[in-house]
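Summary of structural features
Each chain, letter by letter, is given below.
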Amino acid sequence: MNQIKQKLRYQSFPLGIYILLLATIAVFLASTQGSVSPSHLLNIARTAAPLGIAAMGQTIVLVAGGLDLSVGTTMSMVNLVTASIMNGDGSRIAPAVAVSLVLCLAIGLVNGIMVTKFKMQPFLVTMAMSIIVQGGYYLYTQGIARGSIADEMRFISSGWIGIMPVAVIIWVAIWILLSIVLKKTIYGRKLYLTGANPAASRLSGFHADWITISAYVLCALLAGLAGLMLSAYIGVASVDIGNDYTLNTVASSVIGGAAFTGGIGSLEGTFPGVLIMTILQSLMTILGISEAGKFICQGAVIAIMVAINQRKAGKQ
Amino acid sequence: MRGSVKTQMKQAVPSMIIMVIMIVVASIASDRFLTAANLRNVLTQTAVLAIVSIAQCMALFIGGIDMSVSSVISISTIWVAMFSSTGAAGLFGSLILALIVGAAVGLVNGLGVVKFKIPAMIITISTQAFVKGIALVLMPSSGGKVNQGFADFMRTRFGIFSIAFLTAVVLYALLWVILHYTGFGRKVYAIGNGELYAEQSGINTKKITVQVYVISGIIAAVAGVVLSARISSGNPLVGDSYAMDSVAAAVIGGVSMNGGIGSVAGALFGAVILSLINNIMNSMGISPYYQYIIKGALLMFSLVLFQMKRRKAV
Amino acid sequence: MEHTGKMILEGQSLSKNFGENTVLRDVSIQCFEGEGLALAGENGAGKSTLMNIISGGLVPSSGTVRMDGKECHFSSSRDGKNAGIAFVHQELSLMNEMTAGENIMLGMEPKKGRWIDQKKLHEQAAGVLKEIGYEIDEYELVKNLSPAQRQIVEIAKAWAAHPRVLIFDEPTSSLNKAESDQLFDFIRRIKKQGVSVIVISHRMDDIFACCDRVIVLKDGMFVFSALTKDTNNDEIISKMVGREFKNVYPPRNEKLSDTIKLEIQKGCVGSKVKDVDLKLPKGAVIGIGGLEGQGQRELARALFGIVPFTSGVCLIDGEQKKISSPVDAVKNKIAFLSDDRKAEGLFLDLSCGENILSLSYKRNSKLGFVKKKDSQKEIQDGIDQLKIKLADARQPVKSLSGGNQQKIVFSRWIKTDPEILVLHEPTRGIDVQSKLEIYELIRQLTKKGVSVIVFTSDMLELIGISDEIYVMYEGRISGQISGKDATEEKIMQLSANSGKGGEA
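Residues numbered from 1 in each chain as written. Chains lettered and ligands numbered in written order. Predicted model: local features only at pLDDT ≥ 70, side-chain atom pairs only at ≥ 80, totals over all residues.

**Re the overall build of chain C**
The helix and strand inventory of chain C stands at 18 helices and 24 strands. For 504 residues, the compact-globule estimate of 2.2 N^0.38 gives 23 Å, and the C-alpha radius of gyration of chain C, at 24 Å, lies within 12% of that figure. Dimensions along the principal axes, computed over C-alpha positions, put chain C at roughly 70 × 50 × 50 Å. Of all intrachain contacts in chain C linking residues separated by at least 6 positions in sequence, the fraction that spans at least 24 positions is 67%. (Helix = DSSP H or I, 4+ residues; strand = E, 2+ residues; numbered from the N terminus. Rg over C-alpha atoms; globule rule 2.2 N^0.38 Å. Contact = placed C-beta atoms within 7 Å.)

Put into structure tokens, the structure is as follows:
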């Protein structure tokens, strides 16, 4: 018995969050009184995909000891840029995607370099970046969203392969890939080490700054992918469409156990975190308080989860 | 002025210079800028941001941050819009309600930081979302009616000053004196310099921290009340941009995010600068969308500037 | 024991545990009015812990604190301060952005009406400084003051509240001789006014200059108490050490190798390290000592490339090398243990295993993927090799005791197979058993040909562990003695730069 306790005490798998996820699903099913089919649940998962992908980026940055508040505006930017370049023409998917991702790469690089080389607070740097990106796409569009997404690309959000939505397949594939990178590779381990203690990491002869920069770049690229997925979902250009995602990615990561001190958190936790956030929001929509409920549960969930995590950390 | 007041005031000097340069350039570039009407306009627009920046400053001084100010502003406009048009009793009731709710949000923030050891940014982001949700329940979209007498009163002019801007000035003067010339202010700066040290020096850091967040909440509520008079209605989203703008104003004004450094005076300059960007672009006929880029760039620039200066000092 | 005056403060059977680590065991202490009480002991003996409990900074795990016979339940230093106990900490707790005067009067600001009267405040602060006997511009910002001046401000801050018990933690560590004497004068003066003074120190001069009674702690336990007039240096030292210190250290090398592993010629780091010449023979232990703040820290960090040498030549195996960052240092098989284990040595929130493995991923991976089995074996080997006491390799490293934490730092660096080991205060704040194991380990490594440089402020350790000792004074090497011939006196002379002897 004691041995099992010991094993459980130090296991790193975020079991509690999966239990919470099951509980959330149970509450959801109970409150909709069986009017929800399994495919409805999969559909919810489908709409969660953009958040799921962006939240992974946020988790990686949090693990590296940072924070990225430019995720949302980056997604908005990708939506506007992709839609305007593509303008419904399937043959222009490649340049549209390429331009979007190059812009994301640049955003991530600047964030990372400002944070590491100029030793500035991630919070402020990414906030300033967010304002700049927003200004950039306002200027680009002059405030009027133009363009639409080609049908071929909409497939990644609206398509189904067998019983699974394509969006969920893409999300899960990226999730598994990145989980392996974080857990099993030297790069992933160094990411955790650098986030946990940048000074010690530097004194270990790691290229600590570049590890941190890579986290911001990864995050921006994932935000770009999430933006593409979101664009495919709504099908048209829409100003500021992604801005709410910033807080949602932070919330999902935090529910999943990521801490703001760096070195703590995992994608295994963020995945159910995203689902919990999305299901709660669907529930609110069904109950008819979608906008308000979204924020109320966001606020309550973040505060309670962080309080619990802090307490747990304090005990150890 | 001697002692640390002088050093803290020094932090505000770069922002003051930027502000003066902006004013000079704008008055040369556009003859519409230096008119009484335009100046009054700038100052009135500045009022809300200036007031909420005080709240942000308080939190930043102790090394914290208050992201919930935006929702407190929004919900305050809703209280005023919902109740004030019924008459004097409704007006005062709504004002007091706004302040009490602001204080309550601040109390939750403070207790979250002190009792549950939640990082300030997280707890205030949580309360920001939570209060925004409540605001949306109360009033899903812009509506209600603000007491006309109150709105007119806030718009009363004295030369280029409106009552709204004068409210901000009075609050600044008050907070400036409190922060620099009372034991409470001394303790606030001491906590920002190092919480552990402050504790060792016999300061009840927990109590002061909670007090700071409560005051921050109340001041944000005042900002909301002033804003409600300007827009004459309640709006659940109207405060949204103020969380980040107030941080930006404070940082541009030389307030350190690490706590213990800066003066509210700097935040006032920062707020004026941010409003000026908008106004100058309008009067020069430049696309208003540039303001975001300029705001962001200015924030980055101030960050680099202060970072380099402070690193050299160590 | 004979007492004069009445008892003010009493601690009864105080114990303190941090997790499974007991740092204070059943210690009782009394303090009388107008008495000077010295608290002596090695690093990690529990002196600071005891004083933190007495002054309210820590809550004891068991035992009580009484003041004037009444039981006190301090929950913070604030409570202690209100009760009239002031603590001058060794790590200074001043507000950098405030003036000296504002720091001194913090929490006691004079008011004119409702507002603080800045002028009067600074006048009063100047008065306090004068009372202590020092002159510092009370309007100067603390960040512009020298370490010695800050120490004085810290003392003034404590004294400004006119406490009944004044506790000093290593008060003279940043003061020169004249400044120290002035401080002792002050202490003798306030004792006459009935204030009790407790001085934590391991400097014998401090103890005999201003204390009437001395208490010695060792490994968290009370071992000795006497009136200072009835005891002497040697007795106190032997009680502090508790054993013949020579036996503690493993035997030195009989003869130093002729091969020079690392050589520094005319090494300079800004104005902190000047023209240092250093030769590290293969398989030898070189100790670098001196008073605190004589450039040892800068030299240690320059060797590892953290703050590189600004000029000078660095030869490794006779070849000129440029080490301008830790990355270069690791490539050249140099390992570095920082003096600040928590801030720079460990990843506190991560597991012990992760910490041990953190520098040997390459060996345990394939194509960038970490191999689970190999790495677990690597971790277990590390734990076994250094006898690290832990419940589970997955527990966070912050839950371990200082000694075990330090062993983990050693373990991770040993796994890089270093050829040069730069150790900065390798045994600071760890228990005696771990200390011995670390000394043993260092010698084992030298037998395998690893060359070691130890920077330490612990004189006994310096003498005990080193084959060759360099002493630093004001950034320069003021002398060199072989470990066999070294005595505390000789090293002290070189540290104060008063000796001509010992120059090799």
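Following the structure, the description resumes.
**Re the overall build of chain A**
The helix and strand tally for chain A stands at 14 helices and 2 strands. Relative to its length of 316 residues, chain A is compact, with a C-alpha radius of gyration of 20 Å against a globular reference of 20 Å. Considered along the principal axes of its C-alpha atoms, chain A spans approximately 60 × 55 × 35 Å. Counting every position in chain A, which comprises 316 residues, the buried fraction comes to 54%. (Buried ≥ 20, exposed ≤ 12 C-beta atoms within 10 Å, placed from the backbone.)

**Some remarks on the sheet that holds strand S13 (residues 260-269) of chain C**
With antiparallel pairing, the 4 strands of this open sheet are ordered in space as S14-S13-S16-S17 (chain C). Whereas interior strands pair on both sides, the edge strands pair on one side only; in this sheet they are strand S14 (273-281) and strand S17 (319-320) of chain C. (Pairing = 2+ DSSP bridges.)

**Overview of the sheet that holds strand S18 (residues 334-337) of chain C**
All names here are of chain C. Judged by pairing direction, the sheet is mixed, and its 6 strands sit side by side in the order S18-S21-S22-S15-S23-S24 without closing on themselves. Whereas interior strands pair on both sides, the edge strands pair on one side only; in this sheet they are S18 and strand S24 (476-482). Direction aside, neighbouring strands of the sheet carry axes that sit 15° apart on average. Pairing geometry for S18 and strand S21 (residues 420-424), over 4 bridges, is parallel. Residue pairing in the sheet places Leu337 in a bridge with Leu423 of S21. (Axes fitted to C-alpha atoms, helices over the stretch in contact; angles between N-to-C directions.)

**So, the packing of helix H5 (residues 88-114) of chain B against helix H11 (residues 205-231) of chain B**
At a closest axis distance of 7 Å, the pairing of H5 of chain B and H11 of chain B adopts a crossing angle of 145°. Between H5 of chain B and H11 of chain B the crossing geometry is right-handed. (Left-handed = near helix turned anticlockwise from the far one by under 90°.)

**Digging into the interface of chain B and chain A**
Facing 37 residues of chain B, the contacting portion of chain A comprises 36 residues. Among the elements of the structure, helix H6 (120-138), helix H12 (242-252) and helix H14 (290-313) of chain B are those that each provide at least two residues to the side of chain B that touches chain A. Among the elements that make up the side of chain B that touches chain A, the one with the highest residue count is H6 of chain B (14 residues). Of the residues belonging to the side of chain B that touches chain A, the class tally is 25 nonpolar, 9 polar and 3 charged. (Nonpolar A, V, L, I, M, F, W, Y, C, P; charged D, E, K, R; others polar.)

**Overview of the interface of chain A and chain C**
Facing the 22 residues of chain A at the interface are 28 residues of chain C. Contributions of two or more residues to the side of chain A that touches chain C are made by helix H1 (2-10), helix H9 (186-196) and helix H10 (198-202) of chain A. By residue number, the principal contributor to the side of chain A that touches chain C is H9 of chain A, which donates 6 residues. The residue inventory of the side of chain A that touches chain C, partitioned by class, reads 10 nonpolar, 9 polar and 3 charged.

**Here we look at helix H13 (residues 267-286) of chain A**
Residues and elements named next belong to chain A. Relative to the 28 Å expected for 20 residues at 1.5 Å per residue, H13 spans 29 Å between its end C-alpha atoms, a close match to the ideal helical length. Most of H13 is tucked away: 16 of the 20 residues are buried. Remark: Gly288 follows H13 within two positions and exhibits a positive phi of approximately 85°. (Expected span 1.5 Å × (residues − 1).)

**Here we look at the pairing of strand S9 (residues 165-169) of chain C**
All names here are of chain C. In terms of burial, S9 is largely enclosed, as 5 of its 5 residues are buried. Burial along S9 is two-sided: Val165, Ile167 and Asp169 and Leu166 and Phe168, pointing in opposite directions, are all buried. With 4 bridges joining them, strand S6 (residues 85-88) and S9 adopt parallel strand pairing. Note on S9: the bridge partner recorded for Val88 is Phe168. With 5 bridges connecting them, S9 and strand S10 (residues 196-200) associate as parallel partners. From the neighbouring strand, Ile167 faces S10, where its bridge partner is Ile198. Crossover connection from S9 via helix H6 (residues 177-192) to parallel S10: handedness right-handed. (Right-handed = clockwise from strand over helix to strand, strands pointing away.)

**Thoughts on the confidence of the model for chain C**
Residues and elements named next belong to chain C. Residue-level pLDDT values for chain C average 85, and 95% of them are 70 or greater. Taken as a whole, residues 499-504 scores under 50 in pLDDT and shows 13 contacts with residues more than four places along the chain or in a different chain. Across the whole predicted complex the pTM is 0.84, and at the interface the ipTM reaches 0.82. (pLDDT = per-residue confidence, 0-100.)

**Some points on the nonpolar core**
In this structure, Ile51, Ile54 and Val226 of chain B together with Val422 of chain C are the most contacted members of the largest nonpolar core, which totals 360 residues. In terms of residue count, the dominant contributor to this core is helix H11 (residues 208-234) of chain A (17 residues). Contact partners of Val226 of chain B, with chain neighbours within four places excluded, come to Ala47, Val48, Ile51, Met154, Ala164 and Thr167 of chain B. (Core = buried A, V, L, I, M, F, W, Y, C linked by C-beta atoms within 7 Å.)

**A closer look at the domain arrangement of chain C**
All names here are of chain C. By domain assignment, chain C separates into domain 1 (7-246), domain 2 (248-333 + 418-504) and domain 3 (341-417). Inter-centroid distance (C-alpha atoms) of domain 2 to domain 3 is 26 Å. In this assembly, 10 residues from domain 2 lie in contact with 11 residues from domain 3. When residues of the side of domain 2 that touches domain 3 are assigned to their parent elements, the largest contribution, 5 residues, is made by helix H16 (residues 432-447). Of the residues assigned to the side of domain 2 that touches domain 3, the class counts are 5 nonpolar, 3 polar and 2 charged. (Domains from an automatic or database assignment.)

**What to know about the packing of helix H5 (residues 93-117) of chain A against helix H6 (residues 122-141) of chain A**
Residue and element names in this part refer to chain A. Where H5 meets H6, the closest approach of the two axes is 9 Å, and the angle between their N-to-C directions is 150°. On the basis of their axis angle, the class for H5 and H6 is roughly antiparallel. As for the relative orientation of H5 and H6, their crossing is right-handed in sense. Touching Ile107, Val110, Asn111, Met114 and Val115 of H5 are Pro122, Val125, Thr126, Met129 and Val133, all from H6. Looking at side-chain class alone, the contact of H5 with H6 contains 8 nonpolar, 2 polar and no charged residues. (Parallel < 35°, antiparallel > 145°, perpendicular 65-115°, else oblique.)

**Some details on the pairing of S21 of chain C**
Residues and elements named next belong to chain C. The buried fraction of S21 is high, at 5 of 5 residues. Of the two faces of S21, the one holding Ile420, Val422 and His424 and the one holding Leu421 and Leu423 are both buried throughout. Sheet topology places S21 next to strand S22 (residues 451-455); 5 bridges connect them, and they run parallel. Paired with Val422 across the two strands is Ile453, which belongs to S22. Handedness of the S21-H16-S22 crossover: right-handed.

**Side note on unusual backbone geometry**
All names here are of chain C. Here Asp68, not a glycine, exhibits a phi torsion of approximately 50°, which is positive. Looking at Asp68, the number of C-beta atoms within 10 Å reads 13, which means it is partly exposed. The backbone of Leu367 shows a phi angle near 55°, a positive value even though the residue is not glycine. Relative to the helices and strands, Leu367 is located in the loop between strand S19 (365-366) and strand S20 (369-370).

**Focus: the environment of Glu123 of chain C**
Residue and element names in this part refer to chain C. Looking at the element boundaries, Glu123 is found in helix H4 (residues 118-132). Residue class for Glu123 comes out partly exposed when judged on the 13 C-beta atoms lying within 10 Å of it. Expressed as a C-alpha distance, the spacing of Glu123 and Tyr139, which sit 16 residues apart in the sequence, is 9.9 Å.

**Description of the environment of Gly110 of chain B**
Residue and element names in this part refer to chain B. Secondary-structure assignment places Gly110 in helix H5. Residue class for Gly110 comes out buried when judged on the 27 C-beta atoms lying within 10 Å of it. The spacing of Gly110 and Val212 is 102 residues in sequence and 7.7 Å in space, taken between C-alpha atoms. Ignoring anything within four residues of it in the chain, the contact list for Gly110 reads Thr209, Val210, Tyr213 and Val214.

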